Amino acid sequence: MDAILVILLLIGALALFTWERHPPDLTALGILLALALTGVLTPREAISGFSHPATVTVAAMFALSAGLRRTGALSAPAALLTRAARHPLPMLALTMILVGAVSAFINNTAAVAVFLPITLSAARARGLPPSRLLIPLSFASQFGGGCTVVGTSTNLLGSGIAAQHGYGEFDLFEMGRLGLPLFAAGAAYFLIAGRWLLPRHRGGQAVETYRLRDYLFEMRARENSPLIGKTVSELRLGDQYDVTVVEIIRNDRKIWFPVYEPIRAGDILLVRGKIDRLMSLKSKARLELPAEFKLSASTLGDVAERLIEALVAPGSSLAGRTLREAGFGRAWPMAVLGLQREGQLLSEKLADVALEPGDALLLLGSRETARELQARGDLVLLGEVDPPRPRPRHAWRATGIVAAVVALAATKTLPIVIGAPLGVALLVLSGCLRMEEAYEAIDWRVIFLLGGLLPLGLAMEKTGAAALIAHAALHQAAQWGPIALLAIIYAMTAVLTQCMSNNACAAVMAPIAISAANQFGLDPKPLLMGVAFAASTSFATPVGYQTNLMVYHAGGYRFGDFLRAGIPLTFLFGTIAVWQIPQIWPF
C-alpha cells in the first residue's frame, strides 16, 4: 500500500510540475509533508533532503558564483567578446566557449546574466541580429554545466542520489569525459547549421515593442481640477484608474516620475494607461486631452532616451510579487511602462501582475536605481548600461578562492560539500562578499525544491515503488539489452525535462534507473549518467530552463525558434550519449 501511495503521489507531482499552476518548490514541499503525514517516511527521513550533501553544496555554489560576479571577476572573460571577435562565426564560437567554460564552475544563470548584456552590445556594434547569438549563449551554458559535477544543481543531485544508494559520488571532472565531446558537438552544430536554424529577428525599438504610442498620452490640468495641489502619491491614480503619471511638463521644465510633486493648474501630465481609463479620469478630474490622441514626437523622443529594458532574473526577490508589493514607485523610484511575458504584452493592471523570472520590464527611471537592482541580482539589464566597476584586488581573491575549492575537490583532498561552504566563508572574511549578499545569492526555491524531492526518491526506494515502476515500464526494454534500456531511460528523461524542472526530472528518474539496474543485474552508473545528461538538455522549449527564458525576450524569439533549433540538437546529444556512455562507464 505504501508503494501504491508513493506512485500516486509521484503521478500527482508530475502533473503539478507540468501544469505549473503552483511553484515547483511549493509542490516539492507538499510532497515532503504528504510523505511525513502518511507515515511513509519518519520525520527525520522527511527533512533529510535539507541536510543532504547535494543541497548544501548547491547553496554554497550559489554564493561562490555571487562572489565572482559581484567582484567583477567575470567581467574580463565577458569583455573579450567586444574586443576579440570581429566576424559572425568567430563571435558565435567565442560566445559559446566563454560562457561554457564559466558555466562549468559557477551557476549557469549567473553566467548568462553576466554575458547577456555584453553579447547584446557586441551584436549591435557589429550589426548582427541578437537572435543569432542568444540561443547558442543559453544552450552553451548548459553544455558547460555538463562538464563538471558542480556545473549544475542537477549534476550534484544525481551525484548525491548515487552516493545515497551506496554507489559513491561522481568525481568532479568525471562527467567531462562525455560533457566535453557533447560541448564540441553542440558548438559544431551551431557553427555549421546555425545559419539555417537560427532566426534573424532584428527586434524593434522599445517604443514599438511595448506599443507605447497606444498607452502614453498628454493631459492638461484645468484651473478647476480636483488634482490641483495634491501630489501624485496622494492621488493614488494607479489604484483607482490603473493610470501612471510618468512626467509633469511645467512651462519649459520637465519633472520625471513626479511622485511627490504637487500638481498645478496648466501642468501637462504625461500618463500611461488605456484610453477607456483615461477618459474616465479626464471627466472626473477635469483634464484636457488633445483631440488627435497622439503623443508629440519630441515628448516621445524624450521618453525613449530614458527607457531601460530589464529582465526579472532567476532567483530574483521580485519573483512572485506584484509591482506594487515590490515597491516600484515608492522604494524604487521607477515607473514600469510595459511588461512582456513569453512574447506576450501584458497591459491590464500592471501594478497587480505577479512577476515571474524571465519577465521583460520597460522601466522609466534613473540608471543608478537600475544598477542597484541589478547588483542585488533582481534584474538583468538589457540596455546600454555600464556594468558595475570590477574591484581588481577582490576579483583576484575571489577567483583564487573558487579555484582552490575546485582544486581541493578535484584532488579529493576535501569533499566539495565541505570545500564549497569553506570557500564562501573565505569570500566573506576576505571582503569579497558580505554575509547578506551570500544569503541573497542563494536561490531558496531551488533549495526547497531539492529538500522536498530528495525524500521522494528515498520513499520510492524504501517502499519499492521505484522497483515497481522500473519493472512495469522497462521490463521489455531490458529484454533488448542494456543499451536499449539506457536509450529509453535517456529518452524518458529528455522528454520530461522539456516540460518540468530539470531537478524534479532527475529526482524522479534517478531512483527508477537504479532500481532498473538492480533488477536486471547491471551497474547503475551508466543509467545514472544518462539521467544526469538528459535532464540537462532543455533545448526544445523556452520555458524548459531558466537561461532559455532569459534570452527569449532579449532575442525577440518565438516559441517555434526553440523547437527548430532544439529538437535536432536533443536527438544529436541523445545519439552521442547512448553511444558513448557504455564505452566510458561499462555496464
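This write-up is about the structure you can find in this document. These figures come from a predicted structure and were not determined experimentally.

Thresholds applied
Residues numbered from 1 in each chain as written. Predicted model: local features only at pLDDT ≥ 70, side-chain atom pairs only at ≥ 80, totals over all residues. Heavy atoms only, no water. Helix = DSSP H or I, 4+ residues; strand = E, 2+ residues; numbered from the N terminus. Buried < 20%, exposed > 50% of the residue type's maximum accessible area, 1.4 Å probe, protein only. Contact = heavy atoms within 4.5 Å. Areas by Shrake-Rupley, 256 points an atom, 1.4 Å probe, with all protein chains shown as cover. Salt bridge = Lys/Arg side-chain N within 4 Å of Asp/Glu carboxyl O. Expected span 1.5 Å × (residues − 1). Pairing = 2+ DSSP bridges. Phe/Tyr/Trp six-rings, centres within 6.5 Å; stacked < 30°, edge-to-face > 60°. Lys NZ or Arg CZ within 6 Å of the ring centre and 35° of its normal. Core = buried A, V, L, I, M, F, W, Y, C linked by side-chain atoms within 4.5 Å. Polar contact = N/O pair within 3.5 Å; in protein donor to acceptor, adjacent residues only side chain to side chain. Axes fitted to C-alpha atoms, helices over the stretch in contact; angles between N-to-C directions. Parallel < 35°, antiparallel > 145°, perpendicular 65-115°, else oblique. Left-handed = near helix turned anticlockwise from the far one by under 90°. Nonpolar A, V, L, I, M, F, W, Y, C, P; charged D, E, K, R; others polar.

Things to note about the overall build of the chain
Broken down by element type, the chain carries 27 helices and 10 strands. Across the 587 residues of the chain, 57% fall into the buried class. Here the contacts in the chain between residues at least 6 apart in sequence split such that 79% fall between residues at least 24 apart. Put simply, the chain shows about 24000 Å² of open surface, and 61% of that area lies on carbon and sulfur atoms.

Some remarks on the pattern of salt bridges
Under the counting rule described, the total for this entry stands at 12 salt bridges. With its nearest N and O atoms 3.0 Å apart, the salt bridge here joins Lys525 to Glu174. Here the residue Lys525 occupies a position in helix 25 (residues 524-535), and Glu174 occupies one in the loop between helix 9 (153-164) and helix 10 (176-197), the gap between them amounting to 351 residues. Of the residues examined, Lys525 reaches a relative accessible area of 18% and is grouped as buried.

Considerations on unusual backbone geometry
One non-glycine residue, Arg286, adopts positive backbone phi at about 55°. Turning to its location among the elements, Arg286 is positioned in the loop between helix 14 (275-285) and strand 5 (287-288).

Focus: helix 8 (residues 134-145)
Taking 1.5 Å of rise per residue, 12 residues should cover 16 Å, and helix 8 covers 17 Å from first to last C-alpha, within 8% of that figure. Most of helix 8 is tucked away: 12 of the 12 residues are buried. Those residues of helix 8 not exposed but buried are Leu134, Ile135, Pro136, Leu137, Ser138, Phe139, Ala140, Ser141, Gln142, Phe143, Gly144 and Gly145. Looking at the buried residues of helix 8, the elements they touch are helix 6 (88-103), helix 7 (108-125), helix 9, helix 10, helix 26 (546-554) and helix 27 (559-584).

Brief notes about the sheet that holds strand 5
The antiparallel open sheet is built from 5 strands, whose spatial order is 3-2-4-1-5. The sheet is open, and its two borders are formed by strand 3 (253-256) and strand 5, each paired with just one other strand. As defined by bridge partners, strand 1 (residues 216-221) adjoins strand 5 across 2 bridges and the pair is classed as antiparallel. If you follow Ala221 over to strand 5, its bridge partner there is Leu287.

Structural notes on the packing of aromatic side chains
Scanning all chains against the criterion turns up 12 aromatic pairs. With centroids separated by 5.1 Å and ring planes inclined at 75°, the aromatic side chains of Tyr189 and Phe190 adopt a geometry described as edge-to-face. Overall, Tyr189 belongs to the buried group, its relative accessible area being 12%. Taking the relative accessible area as the measure of exposure, Phe190 reaches 1% and is therefore buried. Site record: aromatic cluster; members linked through ring pairs are Phe139, Phe143, Phe183, Tyr189, Phe190, Phe539, Tyr552, Tyr557, Phe562 and Phe573. Here the guanidinium or amino end of Arg177 rests over the ring plane of Trp585, the centre of that ring lying 5.9 Å away. The residue whose ring lies beneath Arg195 is Trp196, and the NZ or CZ to ring-centre distance is 5.1 Å.

Re the nonpolar core
Within the largest apolar cluster, 147 residues are counted, with the highest numbers of intra-cluster contacts made by Leu116, Phe143, Leu178, Phe190, Leu453, Leu456 and Met460. In terms of residues, this core owes the most to one element, helix 24 (residues 502-519), which gives 12 residues. Residues within four places of Phe190 in sequence aside, it is in contact with Leu92, Met96, Ile135, Pro136, Phe139, Phe143, Leu198, Ala565 and Leu569.

Quick look at the pairing of strand 4 (residues 268-272)
Taking burial as the measure, the 5 residues of strand 4 include 4 buried ones, the bulk of the element. With 5 bridges joining them, strand 2 (residues 244-250) and strand 4 adopt antiparallel strand pairing. Considered in strand 4, the bridge of Ile248 is made with Leu269.

Some remarks on the side chain of Arg70
Structurally, the position occupied by Arg70 is in helix 4 (residues 53-70). For Arg70, the side chain forms a polar contact with the side chain of Glu437, separated by 3.5 Å.

Description of the environment of Arg264
Considering the arrangement of structural elements, one finds Arg264 in the loop between strand 3 and strand 4. Through-space distance from the C-alpha of Arg264 to that of Ile248 is 9.6 Å; in sequence the pair is 16 residues apart. With residues up to four places along the chain from it excluded, the contact list for Arg264 reads Ala221, Ile228 and Arg250.

What about the sheet that holds strand 7 (residues 334-341)?
Pairing is antiparallel across the open sheet formed by 5 strands, whose spatial order is 8-7-9-6-10. Pairing within the sheet leaves two strands with one partner each, and these edge strands are strand 8 (344-346) and strand 10 (379-381). Pairwise comparison of adjacent strand axes, ignoring direction, gives a mean angle of 35° for this sheet. Summarising the sheet, strand 7 and strand 8 pair through 3 bridges and their orientation is antiparallel. For Leu339, the partnering residue across the bridge sits in strand 8 and is Leu346. Across the face of the sheet, helix 17 (residues 367-375) comes into contact with strand 6 (307-312), strand 7, strand 9 (360-365) and strand 10 while running at roughly 125° to strand 10.

Side note on the packing of helix 24 against helix 25
In the contact formed by helix 24 and helix 25, the axes pass within 9 Å of each other and the chain directions differ by 160°. Judged on the interaxial angle alone, helix 25 and helix 24 are roughly antiparallel. When you trace helix 24 past helix 25, the crossing you get is right-handed. Residue-level inspection shows Asn502, Ala506, Met509, Ala510, Ala513, Ile514, Ala517 and Asn518 of helix 24 in contact with helix 25, the latter providing Pro524, Leu527, Leu528, Val531 and Ala535. Of the residues assigned to the contact of helix 24 with helix 25, the class counts are 11 nonpolar, 2 polar and no charged.

All we've got here are geometric facts, nothing functional implied.
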